[in-house]
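These are the residues of each chain, in order.
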Amino acid sequence: MTMPGNGFDGTGFEDGESAVAASLVAGDVDIEASLRPTSLDDFIGQPRVREQLQLVLTGAKLRGGTPDHILLSGPPGLGKTSMAMIVATELGSSLRLTSGPALERAGDLAAMLSNLVEGDVLFIDEIHRIARPAEEMLYLAMEDFRVDVVVGKGPGATSIPLEVAPFTLVGATTRSGALTGPLRDRFGFTAHMDFYDPPELQRILMRSAGILGVQLGGDAGAEIARRSRGTPRIANRLLRRVRDFAEVRADGVITREIADAALAVYDVDQLGLDRLDRAVLSALIRSFGGGPVGVSTLAVAVGEEPSTVEEVCEPFLVRAGMIARTPRGRVATAAAWQQLGLTPPPDAAAGGIEVRVNEPPQGLLD
Ligand SMILES: Nc1ncnc2c1ncn2[C@@H]1O[C@H](COP(=O)(O)OP(=O)(O)O)[C@@H](O)[C@H]1O
Ligand SMILES: [Mg+2]
C-alpha cells in the first residue's frame, strides 16, 4: 500500500499514524493530484521561493532560452513535486518524470536524455539517491547538453558522444546535504522549501475544501492548520479524515467542535506531532537524558531508518523548538521535556535554536 522508501507510514487510519504521516498512501494519490496548485499564483506560501522562481523563469522566457537547472530541497509534502510541475507549466514545456532510485544504470538515464525535446523539463525526484554512473553522466548532460554512451566492455569499449536537446533539470531532494558537491554545483538555482505557517496552511485548507466541496468553518480550518506539522500534504490528509468524521457522525459541516473531536479520534496531538515524533522525543529524553545523541543512535532506539528520522522527523522537531542540533548531537529543549509532562533540567536548551549543519546556501549559487 505504501510508497517505497517510506518506513513508518501505516495503512489503517484508526491509530492516527497514517493520518499525519507525510508520505503518500496509494489511495491518496489521485486526490493529491486534484489538490495540487497549478501555477505560481495558485501556489500558497513559500513567498521567497516563488519570487525567485518567477524571476528565473521570466528571465529565461524573455531571452527565449531554457532556464538554469533548478534544485528544490526540503522535507516531504511541502510542494516540491507540485513546484516542478508548475515550472513546466509556466514555461509551456512538457515534463518528463523520473527518480533517483529509478536511474540505477547510466543507460536508463541515457535513454531518458536522448528522448528529450528542446525546452523540456526533466524532473528527477529524490535526486540524492541517483547511482554514481548515472550521476556522472548527468554532469555532462547538465553542463554541455551531451552524453558519452559507452559501448562494449574492457579494452575494446568505445564511447560515443550523443547530443542532448537543451533542457531544464529540476531535481527534488529531502536531503540536499547528501548531494555530491559536483552535482550541487551544476544547479544554477537552489530553493529550500521550509515548513508552512498555520495561516498559510489555513489558506491551503480553504482552497482544498473548495475543490473537494467540503464546508469548512474558519476556526476549524485554523485548528486543523495548527496541527498539520507545517506540511500541506498532512493538512490535506487531515481535512479528508475530518470530513469522514463530519459526514459519518454529523451533518458533514466541519465546525471547530467537529474538528477537535475528529482530531482526537485520529490521535493528532495539539502540536500535530505524530507517533514517530513522539517516539523520538521520548527516546531522546527517557533513554539518553535529553542528549546530546547522534541521529543514527536515536533512529535505532525508535526502530526506524536513520534517513526517516533525519529527513522527516527531525526537521519538524527542530522547527517546533523541541530539538536543537548541536555539533555534539541532538539535544532536547525545555519545551520537549514539558511536552512529555516532565520537568526540564536547569541546563536544558531553550527552544527555537537551530544550528544548521550540512545545509547548502539558499538561493543563487553562483
Ligand atoms: N503551496 C501549496 N499550496 C497548495 N497545496 C499544496 C502546496 N504545496 C503542497 N500542496 C499539497 O500537498 C501535496 C503534496 O505536495 P508535493 O508537491 O507532492 O510535495 P513533495 O513533492 O515536496 O513531497 C500536493 O498534492 C498538494 O495537494
Ligand atoms: Mg514529491
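None of these values were measured; they are calculated from a predicted model. (Residues numbered from 1 in each chain as written. Chains lettered and ligands numbered in written order. Predicted model: local features only at pLDDT ≥ 70, side-chain atom pairs only at ≥ 80, totals over all residues. Heavy atoms only, no water.)

(A) Main features of the UniProt feature "binding site: Mg(2+)" (unreviewed entry) in the chain. Annotation from UniProt places "binding site: Mg(2+)" (unreviewed entry) at T81. Those residues in contact with T81, other than ones at most four positions away along the chain, are R36, F123 and D125. (UniProt positions renumbered as here; feature names shortened; annotations may be inferred. Contact = heavy atoms within 4.5 Å.)

(B) Up close: the side chain of K80. For K80, the location among the structural elements is in helix α4 (residues 80–91). Notably, K80 is buried but unbridged: the nearest opposite-charge side chain belongs to D125, and the N-O separation is 6.3 Å. (Helix = DSSP H or I, 4+ residues; strand = E, 2+ residues; numbered from the N terminus. Buried < 20%, exposed > 50% of the residue type's maximum accessible area, 1.4 Å probe, protein only. Lys, Arg positive; Asp, Glu negative; His and termini not counted. Salt bridge = Lys/Arg side-chain N within 4 Å of Asp/Glu carboxyl O.)

(C) Broad picture of the site of ligand 1. Neighbouring ligand 1 are 18 residues; I44, G77, K80, S82 and R233 lie closest to it. With respect to ligand 1, the backbone of I44 contributes an N or O atom lying 2.7 Å from a nitrogen atom. At a separation of 2.8 Å, an oxygen atom of ligand 1 approaches a polar side-chain atom of K80. Elements that contribute at least two residues to the shell around ligand 1 include exactly α2 (29–35), α4 and α10 (232–249). Along the lines of polarity and charge, the residues of the shell around ligand 1 split into 9 nonpolar, 5 polar and 4 charged. (Near = heavy atom within 4 Å. Polar contact = N/O pair within 3.5 Å; in protein donor to acceptor, adjacent residues only side chain to side chain. Nonpolar A, V, L, I, M, F, W, Y, C, P; charged D, E, K, R; others polar.)

(D) Structural detail: the pattern of salt bridges. Across all of its chains, the model carries 23 salt bridges by this definition. The salt bridge partner of R129 is E126, with a shortest N-O separation of 2.8 Å. What makes E126 partly exposed here is its relative accessible area of 28%. Across the pair R241 and D244 runs a salt bridge whose closest N-O atoms are separated by 3.2 Å. One end of the pair is R241 and the other is D244, both in helix α10 and 3 residues apart, which spans about a single turn. Among the residues examined, D244 registers a relative accessible area of 29% and is labelled partly exposed. Taken together, the salt bridges that share partners define one network made up of E223, R226, R227, R256 and D260.

(E) Just helix α3 (residues 47–63), in detail. An ideal rise of 1.5 Å per residue puts 24 Å on 17 residues; α3 measures up with 24 Å between its terminal C-alpha atoms. Buried within α3 are the following residues: V49, L53, V56, L57, G59 and A60. Along the axis of α3, the buried residues cluster in a sector spanning 155°; they form a single face. Residues of α3 that are exposed and point over 90 degrees away from its buried face: P47, E51, L55 and L62. Buried residues in α3 make contact with β1 (70–73), α4 and β7 (189–192). Following α3 by one or two positions, G64 has its phi on the positive side, about 70°. (Expected span 1.5 Å × (residues − 1). Arc of directions from axis to C-beta.)

(F) Inspection of unusual backbone geometry at higher detail. With an omega of 5°, the peptide bond between G291 and P292 qualifies as cis. Topologically, P292 is positioned in the loop between α12 (275–287) and α13 (295–302). Phi at E126 is positive, roughly 50°, even though this residue is not glycine. If you trace the backbone, E126 turns up in the loop between β3 (121–125) and α6 (132–144). The phi angle at R229 is positive, at roughly 60°, despite the residue not being glycine.

(G) Structural view of the nonpolar core. Membership of the largest hydrophobic core comes to 70 residues, with the highest contact counts inside it found for M83, I254 and V280. Looking at this core element by element, the count peaks at 7 residues for α10. Counting residues in hydrophobic clusters, the runner-up holds 23 residues, among them L122, Y139, M142 and V147. (Core = buried A, V, L, I, M, F, W, Y, C linked by side-chain atoms within 4.5 Å.)

(H) How the structure looks around the UniProt feature "binding site: ATP" (unreviewed entry) in the chain. Those places that UniProt annotates as "binding site: ATP" (unreviewed entry) correspond, in this numbering, to L35, R36, G77, K80, T81, S82, E143, D144, F145, R186, Y196 and R233. With respect to the helices and strands, T81 occurs in helix α4. Following the sequence through the fold, R186 ends up in the loop between α7 (181–185) and β7. Look at R186 and you get partly exposed, because its relative accessible area is 22%.

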